[in-house]
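Each chain, written out:
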Amino acid sequence: MKAIVYEGIKNVKVKNIGDPQIRNDDDIIVKVTSTAICGSDLHLIHGMVPNMPFGFVLGHETMGIVAEAGKGVHKVKKGDRIIVPFPISCGHCWYCEHDLWSQCDNSNANGETGAIFGYSKTYGGYDGGQAEYLRVPYANVGPVQVPDDLTDEQVLFLTDILPTSYWGGENGGVKKGDTVVVLGCGPVGLLSVKWAFFHGADRVIAVDYIDYRLQHAAKYGAEVINFEEHENTGEYIKEITHGGADVVIDCVGMDGKMTTFEIIETAMKLQGGSKSAIELATQAVRKGGTVSMVGVYGARYNMFPLGDFFSRNITLKMGQCPAHTYVDRILKLIGEGKFDATDIITHKLSLDMGEHGYKIFDKKEDHCIKVILKP
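Residues numbered from 1 in each chain as written. Predicted model: local features only at pLDDT ≥ 70, side-chain atom pairs only at ≥ 80, totals over all residues. Heavy atoms only, no water.

A. Examining the packing of aromatic side chains more closely. Applying the stated criterion across every chain, the model contains ten aromatic pairs. Aromatic pair Trp-94 and Tyr-95: ring centres 5.1 Å apart, planes at 75 degrees, arrangement edge-to-face. You can call Tyr-95 partly exposed: its relative accessible area is 30%. For the pair Trp-195 and Phe-198, a centre-to-centre distance of 5.2 Å together with 90 degrees between the ring planes defines the contact as edge-to-face. One end of the pair is Trp-195 and the other is Phe-198, both in helix H5 (residues 187-198) and three residues apart, which spans about a single turn. Lys-194 extends its terminal NZ or CZ atom over the ring of Phe-339, reaching a point 5.3 Å from the ring centre. (Phe/Tyr/Trp six-rings, centres within 6.5 Å; stacked < 30°, edge-to-face > 60°. Buried < 20%, exposed > 50% of the residue type's maximum accessible area, 1.4 Å probe, protein only. Helix = DSSP H or I, 4+ residues; strand = E, 2+ residues; numbered from the N terminus. Lys NZ or Arg CZ within 6 Å of the ring centre and 35° of its normal.)

B. Region of the structure containing the pattern of salt bridges. Evaluated as defined, the whole model comprises 20 salt bridges. The residue Asp-27 makes a salt bridge to Arg-135 at a minimum N-O spacing of 2.7 Å. Placement of Asp-27 in the loop between strand E2 (12-16) and strand E3 (28-37) and of Arg-135 in strand E9 (residues 133-136) is noted, with a sequence separation of 108 residues between them. For the pair Asp-27 and Arg-135, a shared accessibility class is recorded, and that class is buried. One salt bridge in this structure joins Asp-178 and Lys-175, with 3.2 Å as the shortest N-O distance. In this structure, a network of salt bridges that share partners links the residues Arg-81, Asp-152, Glu-153, Lys-348 and Lys-374. (Salt bridge = Lys/Arg side-chain N within 4 Å of Asp/Glu carboxyl O.)

C. Expanded view of a nonpolar patch on the surface. On the surface, Trp-94, Tyr-95 and Leu-100 cluster together to form a nonpolar patch covering roughly 290 Å² of accessible area. With respect to the helices, strands and loops of the structure, Leu-100 is situated in the loop between helix H2 (94-97) and strand E8 (115-116). (Patch = residues over 30% accessible without salt bridge, like charges linked within 9 Å, V, L, I, M, F, W, Y side chains within 5 Å. Areas by Shrake-Rupley, 256 points an atom, 1.4 Å probe, with all protein chains shown as cover.)

D. Region of the structure containing the sheet that holds E2. Spatially, the three strands line up as an open sheet ordered E2-E1-E4, and their pairing is antiparallel. Taken across any chain shown, the strands that pair with only one partner, and hence form the sheet edges, are E2 and strand E4 (56-57). In terms of strand pairing, strand E1 (residues 2-6) meets E2 through five bridges, oriented antiparallel. The residue bridging Tyr-6 from the neighbouring strand is Val-12, located in E2. Packed onto the sheet, helix H12 (residues 354-362) meets E1 and E2 and runs at close to 165 degrees relative to E2. (Pairing = 2+ DSSP bridges. Contact = heavy atoms within 4.5 Å. Axes fitted to C-alpha atoms, helices over the stretch in contact; angles between N-to-C directions.)

E. Region of the structure containing H5. Taking 1.5 Å of rise per residue, twelve residues should cover 16 Å, and H5 covers 16 Å from first to last C-alpha, within 8% of that figure. Within H5, ten of the twelve residues are buried, which leaves it mostly tucked inside the rest of the structure. Note on H5: the residue one or two positions beyond its end, Gly-200, has a positive phi of about 100 degrees. (Expected span 1.5 Å × (residues − 1).)

F. Inspection of the sheet that holds strand E11 (residues 179-183) at higher detail. The strand order across the open sheet built from six strands is E13-E12-E11-E14-E15-E16, with neighbouring strands paired in parallel fashion. Unpaired on one side and paired on the other, strand E13 (223-226) and strand E16 (315-318) mark the two borders of the sheet. For this sheet, the mean angle separating the axes of adjacent strands, direction not counted, is 20 degrees. Pairing between strand E14 (residues 245-250) and strand E15 (residues 285-293): five bridges, direction parallel. Paired with Ile-249 across the bridge in E15 is Ser-292.

Below, the structure is given as structure tokens:
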């Protein structure tokens, strides 16, 4: 089959590799109909996630048709059209039973966190879905059948960015009347803006440095701030909100252009995150407010502004979204026409164009916000 594989720093290739095989009774093989490039995939190709072998298949936002099912699979069957949430979860450990699906204790023998499709050996070593076929373990737990009357584009993001952005607001406690600041206007950030308004926020302020992404956020009704136009964006937000936002949602994580990526790339590998995004959140949140961190972070780093959070009674919440919890409720909203995420799709390409898709997404070319690939 054809697949997009990691070939080194900032180097992905479409190659022919062996087809996936059923290994366990509860495995399925999915014939991929749509897959997407996620912002967190860029962390892999920038060398920010350890243990990425050459030839590793990328991708964790995948849907398609069940092509083959192990004899122990009863949730789905051959021919079913499904989405596959990005965390790989066994369904029966303490964490899965308590809806902490992304922290599954059995799916990842290589680390403390649960496994993720296409996200290095550190996160389980499972091949990803930017390919013609995908092996899905624990198929009685993760995959969800989707209605035929909804397009791939309407439901594909149930695999990651729709649950992640929803969870970011819920984790932050966004409620009616709140002022919310969203740091980063990539796909998750833009959807976080939409969810904030959906949950009743009166005022949403979107922060980024890419004008076309800010313009997209403005279409949702957000006030937009280009942080490169302010000497101290956090203090500016505190001033215009008269003390700070009720909730700050950090959708930046390791994408570190809260200064300039080329300048801090080496430091970011050591520090594991965008320290300036965290510092901005420190300043932009009100006393007693909440910072919800959904952007992917890596290793520990020094000089974390813990004292600034402590002194102002700030609540910090963070982590990998337990996506399974949110799929059904968001799918219902999509089916009822109450929420739509298709407007962030700017590019639909064939899988053969995967290298080009990564390039324009990484370099923010051609007004690229979200790339969908069709095998």
